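What follows is the residue order along each chain.
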Amino acid sequence: MLVFVIAGVILWPSFQLYVLFPRQEKALKERLSRATTFEDSQAVRMEINEFNQRKGALYEKRIVHLGLDLVGGMHVVLDVDRSQLSEEEARRAPDLALEVIRNRIDQFGVFEPTIQKTDRGRILVQLPGVDRERALNIIKQPAHLTFNLVEEKAKVYDALKTIDERLQAKGGVPATVDSTVSQPLDTTMKEEAVPGTLLSYLRSEGDELDLLIYAKDTANFRAVLEQGKEFWPQGYEFAYGPVETMDNDKVVRVYLIKSEPELVGTRLRRAEPAIYQGAELERANTWVVNFELDREGAAKFATVTGRNVGRRLAIVLDGVVRSAPRIQERIPNGRGQITMYDRRGDKAKDLSIVLNSGALPAPVVVVEERSIGASLGADAIRRGLIAAAVGALVVVLFMLIYYGVGGLLADFALVANIFLLLAVLAALRATLTLPGLAGIALTIGMAVDANVLVFERIREELRAGKTPMAAVDTGYARALVTIIDANATTIITALALYFIGSGPVRGFAITLGVGLVINVLTAVFLTRFIFDWFLAQFEVKTLRI
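It should be emphasised that the depicted structure is a prediction, and the values quoted were computed from it without experimental measurement.

A. Up close: the overall build of the chain. A count of helices and strands for the chain gives 15 helices and 17 strands. In summary, the chain has a C-alpha radius of gyration of 33 Å against a globular reference of 24 Å for 545 residues, an excess of more than 25%. Seen along its three principal axes, the alpha-carbon backbone of the chain occupies a region of about 115 × 60 × 50 Å. Put simply, 71% of the contacts in the chain that link residues at least 6 apart link residues at least 24 apart. With the model as given, the accessible surface of the chain reaches about 28,400 Å², and the carbon-plus-sulfur share is 57%.

Here it is as structure tokens:
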């Protein structure tokens, strides 16, 4: 009895994850879709965040994980772009990228991922049950973090104006540039600009700290800016912020930053997502990423901030200015904050993962990608459950009809076998795949076969005129050797599959091997114990079997 109680405790997290939590998740999503106010939707999102934290905590416990073919997921092959690397760097790049990607996936919380280098130096990644877009973003993000000083808005405007004048003096605005631009929101700073010039794209409001352009104009703005690159201020380069929503419009900030960074992200010690706690209303209820530099980085950060009090320092991640706060005072502790404008927390969490795992040695490109949709995995589970239920029902009925009381006992042993098998898989944190389900089905067949052997031996003893108690004793004793021999040979095969095979083959071997060991225990010892108790308790004179 104690064994079954322990098995139930072990299986409880799996039951929560696969039976209870999907219902709760569906209910929360329905509540979110019905929310009519911002406050209601925020309240539901907070509940969803708490729910996701509880769900994520379950993955830390011992549960049965579902494989790629059951829960769906992604299969992707990556190649490191080594075109800009030296020969030595190119040789080491795949191993470094593999380690960085593995760290990111581990922190992302994917269990039983397959991450390995192929014989062609590429990286194979198989992730069951993940959001494809989020996973790809985490895997591919280079994560090059730098800190660059930022020029003030007036100087940025002057630089753009100079570039416009030089370009016009050189030959005018190129014809390839779309001169049809949106109407400006505010022109308090901007002079009357010629359509198609850099100044004509500016949508800067008077009280904004930076120059703004519409997100839809970014490509044209970049094109003109690149054509005037020779006229950029010496030692500076232009950079952009992420797309923001302002007055129902999508806008992008334009920065002029020093080309040489003051500090690089290799000195990062840790990064953590958190809800913004400051006084800026536009950042209220958004997530940020707090970071801390190591001792050497903190010392350099303190020097940089001490020398540039009053100036702005841009936090640039992969070429995008995440935030550019003004330095109010020297910062001695090496701590800072990256603005995300993320209200769900997913982006902040993903960025923390990427920063904590380090930068990729070079960009990676996807050379092959296949996705298994959750619907396909769900369909496989549904069909598998139907097949298992039908098969089990037929077996249960056959055993009941053909062996009577003995059949009832065998059916109980069968259920106990599957229950204990799932508990062992959960304790081992094993991943259940379609081949694993096949291993369970084969285990069920072997369990029935063991009971049939026992019952036939008991029948023979009863026909020979022995009492039920004596027939059971002799029947079990005669069948035991045969059962152990049959299961032992199959277990040896399962061991060979486990140590020689890989991936799903090993999953099949685990379920089959563990199932057969439990089979011997339930079919021989558990049913024997119940038989002895039944015969002694009720003084059975005639045993129908």
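More follows now that the structure is in view.
B. Up close: the packing of aromatic side chains. Per the counting criterion, the structure on display carries 14 aromatic pairs. Here the aromatic rings of Phe4 and Phe419 are separated by 6.4 Å at their centres, their planes lie at 20°, and the arrangement is stacked. Residue Phe4 is located in helix H1 (residues 2-34), and its partner Phe419 is located in helix H12 (residues 405-427); the two are separated by 415 residues in the primary sequence. Since its relative accessible area comes to 25%, Phe4 is described here as partly exposed. Among the residues examined, Phe419 registers a relative accessible area of 30% and is labelled partly exposed. The rings of Phe398, Tyr402, Tyr403, Phe455, Tyr476 and Phe531 are connected pair by pair, giving a single aromatic cluster. Against the face of Trp232 rests Lys229, its NZ or CZ located 5.4 Å from the ring centre. Over the ring of Tyr402 we find Arg459; its NZ or CZ atom is 4.6 Å from the centre of that ring.

C. Summary view of the environment of Arg343. With respect to the secondary-structure elements, Arg343 resides in the loop between strand E15 (335-342) and helix H10 (346-357). We classify Arg343 as partly exposed; its relative accessible area is 35%. Separated by 56 residues in the primary sequence, Arg343 and Trp287 have C-alpha atoms spaced 6.0 Å apart. Setting aside residues no more than four positions away along its own chain, Arg343 makes contact with Phe38, Glu282, Ala284, Asn285, Thr286 and Trp287.

D. Geometry of unusual backbone geometry. Here the phi dihedral of Asp318 falls at roughly 55°; this positive angle occurs in a residue that is not glycine. Position of Asp318 among the secondary structure elements: in the loop between strand E13 (312-317) and strand E14 (320-323).

E. Geometry of the confidence of the model for the chain. Per-residue confidence for the chain gives a mean pLDDT of 81; residues scoring 70 or more make up 92%. In this model, residues 175-188 is a region of pLDDT below 50 whose contacts with residues beyond four sequence positions or in other chains number 30 contacts.

F. Spotlight on the packing of helix H14 (residues 468-500) against helix H15 (residues 504-538). Viewed as axis vectors pointing N to C, H14 and H15 meet at an angle of 170°, and their least axial separation amounts to 9 Å. The angle between the axes of H14 and H15 places the two elements in the roughly antiparallel class. A breakdown of the residues in the contact of H14 with H15 according to their chemical character gives 23 nonpolar, five polar and four charged.

G. Highlighting the side chain of Asn519. By the secondary structure assignment, Asn519 is in helix H15. Accessibility expressed as a relative area gives 0% for Asn519, which makes it buried. Setting aside residues up to four positions removed in sequence, Asn519 forms contacts with Asn417, Met446, Ala447, Ala450, Asn487 and Val524.

H. Structural detail: the sheet that holds E15. On the basis of which strands lie adjacent, the open sheet formed by three strands has the order E11-E12-E15 and antiparallel pairing. Strand pairing shows two members of the sheet lacking a second neighbour, strand E11 (268-275) and E15, which therefore form its edges. The sheet shows a mean angle of 20° between the axes of neighbouring strands, taken without regard to direction. By the bridge criterion, six bridges tie strand E12 (residues 287-293) to E15 in an arrangement that is antiparallel. Opposite Glu292, over in E15, you have Arg335 as the bridge partner. Those strands touched by H10 are E11, E12 and E15, and its axis lies near 175° from that of E11.

I. Broad picture of the pattern of salt bridges. Under the counting rule described, the total for this entry stands at 22 salt bridges. Salt-bridge contacts for Glu460 lead to Arg478; the nearest nitrogen and oxygen are separated by 3.4 Å. A residue pair is termed long-range when its members are at least 10 positions apart, and Glu460 in helix H13 (residues 434-463) and Arg478 in helix H14 qualify at 18 residues. Take Arg478: its relative accessible area is 40%, and that puts it in the partly exposed class. Across the pair Asp532 and Arg528 runs a salt bridge, and its minimum N-O distance is 3.1 Å. Of this pair, Asp532 and Arg528 are both found in helix H15, four residues apart, which corresponds to roughly one turn of the helix. Within the structure, one salt-bridge network assembled from shared partners comprises Arg457, Glu460, Glu461, Lys466 and Arg478.

J. Inspection of a nonpolar patch on the surface at higher detail. A contiguous nonpolar surface patch, about 570 Å² in accessible area, is contributed by Met1, Leu2, Val5, Ile6 and Val9. The exposure class assigned to Met1 is exposed, which follows from its relative accessible area of 78%.

K. How the structure looks around the packing of H1 against helix H2 (residues 38-58). Running from N to C, H1 and H2 cross one another at 170°; their axes reach a closest spacing of 11 Å. On the basis of the axis angle, H1 is roughly antiparallel to H2. Residues Pro13, Gln16, Leu17, Phe21, Gln24, Glu25, Leu28, Arg31 and Leu32 of H1 pack against Ser41, Val44, Arg45, Glu47, Ile48, Phe51, Arg54, Lys55 and Leu58 of H2. A breakdown of the residues in the contact of H1 with H2 according to their chemical character gives nine nonpolar, three polar and six charged.

L. Layout of the nonpolar core. Grouped together as the largest cluster of nonpolar side chains are 39 residues, with contacts concentrated most on Leu432, Val454, Phe455, Ile458, Val472, Phe531 and Ile545. Counting residues per element, the ones that place at least two in this core are H1, helix H11 (374-403), H12, H13, H14 and H15. Sequence-distant contacts of Val454, defined by excluding residues within four places in its chain, comprise Tyr476, Ala479 and Ile483. One finds Ala97, Phe108, Val125 and Ile139 within the second-largest nonpolar core, a separate group that totals 26 residues.

Rules behind the numbers
Residues numbered from 1 in each chain as written. Predicted model: local features only at pLDDT ≥ 70, side-chain atom pairs only at ≥ 80, totals over all residues. Heavy atoms only, no water. Helix = DSSP H or I, 4+ residues; strand = E, 2+ residues; numbered from the N terminus. Rg over C-alpha atoms; globule rule 2.2 N^0.38 Å. Contact = heavy atoms within 4.5 Å. Areas by Shrake-Rupley, 256 points an atom, 1.4 Å probe, with all protein chains shown as cover. Phe/Tyr/Trp six-rings, centres within 6.5 Å; stacked < 30°, edge-to-face > 60°. Buried < 20%, exposed > 50% of the residue type's maximum accessible area, 1.4 Å probe, protein only. Lys NZ or Arg CZ within 6 Å of the ring centre and 35° of its normal. pLDDT = per-residue confidence, 0-100. Axes fitted to C-alpha atoms, helices over the stretch in contact; angles between N-to-C directions. Parallel < 35°, antiparallel > 145°, perpendicular 65-115°, else oblique. Nonpolar A, V, L, I, M, F, W, Y, C, P; charged D, E, K, R; others polar. Pairing = 2+ DSSP bridges. Salt bridge = Lys/Arg side-chain N within 4 Å of Asp/Glu carboxyl O. Patch = residues over 30% accessible without salt bridge, like charges linked within 9 Å, V, L, I, M, F, W, Y side chains within 5 Å. Core = buried A, V, L, I, M, F, W, Y, C linked by side-chain atoms within 4.5 Å.

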